[in-house]
Structure formats: C-alpha cells, structure tokens
Amino acid sequence: MDGLVELRVKLIFFEQAQQCFRFPVQNTIRVSVWFKDQRPSLPAEVVVEHEPLQLNTERFLKLRVVRNELLMKNFLVDNKLFLGPHYEAIGEATILQIIKQ
C-alpha cells in the first residue's frame, strides 16, 4: 500500500493493554502511535506474523504506520513510538529497521 511507512520494531505491550485487547493477540491489530512529546498520533497496524502477542513480552515484528510528511524525520532507527488510544501508552515500539518509507 502506498502512504505507509513499514518498520521492523521491538514491541512490548504493557499490563494496561489488556483493557484494549484480549491477549494473546493472534491477528493484526490497529492502534494509534506517536513519538514522545509529539502530536499528532498516527494510525498504525501491528502485524502479528507467527506467534501470538503476549503482555509484557518483547516481540520483533512489523509495524505499518500511515505516512505523515511532517513526521518523517522522526522515523529513525532506535527511535521509540508509543502505542495506545488517545495518548495513553499501552505499549512501546523501538524502531530496528525502516523497511519502506
């Protein structure tokens, strides 16, 4: 799909994520993501590939984020994204690789 940034990330969902999703999560899920101290949030998909997502467990997987030209400078290796509804972080993703810009 055009208009997406595709990332390989290290992701962990915090305990409060169980208020939003039923764990273990086996399907692709949609969340909002944002960089620390920055607005706006962006729509994203967490792509569950082989193993289900568990709470408090780091996973290496793909994250697809809707492209926003104003925020492209932030998509750098080792930068962190926060996941959740309305700026309440339920997870954190560290960018390991930029697959597609």
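Residues numbered from 1 in each chain as written. Predicted model: local features only at pLDDT ≥ 70, side-chain atom pairs only at ≥ 80, totals over all residues. Heavy atoms only, no water.

## Details of the packing of aromatic side chains
Turning to step 1, where the next piece is worked out: Inspection of the entire model under this criterion finds three aromatic pairs.
Turning to step 2, where the next piece is worked out: Their ring planes at 80 degrees and their centres at 5.1 Å tell us that F35 and F75 sit as a pair that is edge-to-face. Note that F35 is positioned in strand β2 (residues 29–35) and F75 in the loop between β4 (59–66) and β5 (80–84), a separation of 40 residues in sequence.
Turning to step 3, where the next piece is worked out: Look at F35 and you get buried, because its relative accessible area is 6%. (Phe/Tyr/Trp six-rings, centres within 6.5 Å; stacked < 30°, edge-to-face > 60°. Helix = DSSP H or I, 4+ residues; strand = E, 2+ residues; numbered from the N terminus. Buried < 20%, exposed > 50% of the residue type's maximum accessible area, 1.4 Å probe, protein only.)

## Let's talk about the pairing of β2
Turning to step 1, where the next piece is worked out: Counting buried residues along β2, five of its seven residues qualify, which places the element largely inside the surrounding structure.
Turning to step 2, where the next piece is worked out: Taken together, the five bridges between β2 and strand β3 (residues 42–47) define a ladder with antiparallel strand orientation. Of the residues in β3, the one forming a bridge with S32 is P43.
Turning to step 3, where the next piece is worked out: Where β2 hands over to β3, the hairpin turn is made up of six residues, of which D37 adopts a positive phi near 55 degrees. (Pairing = 2+ DSSP bridges.)

## Describing the side chain of N68
Turning to step 1, where the next piece is worked out: Note on placement: N68 falls in the loop between β4 and β5.
Turning to step 2, where the next piece is worked out: Owing to a relative accessible area of 19%, N68 belongs among the buried residues under this scheme.
Turning to step 3, where the next piece is worked out: Looking at N68, its side chain comes within polar contact range of the main-chain nitrogen of L70, at 2.9 Å. (Polar contact = N/O pair within 3.5 Å; in protein donor to acceptor, adjacent residues only side chain to side chain.)

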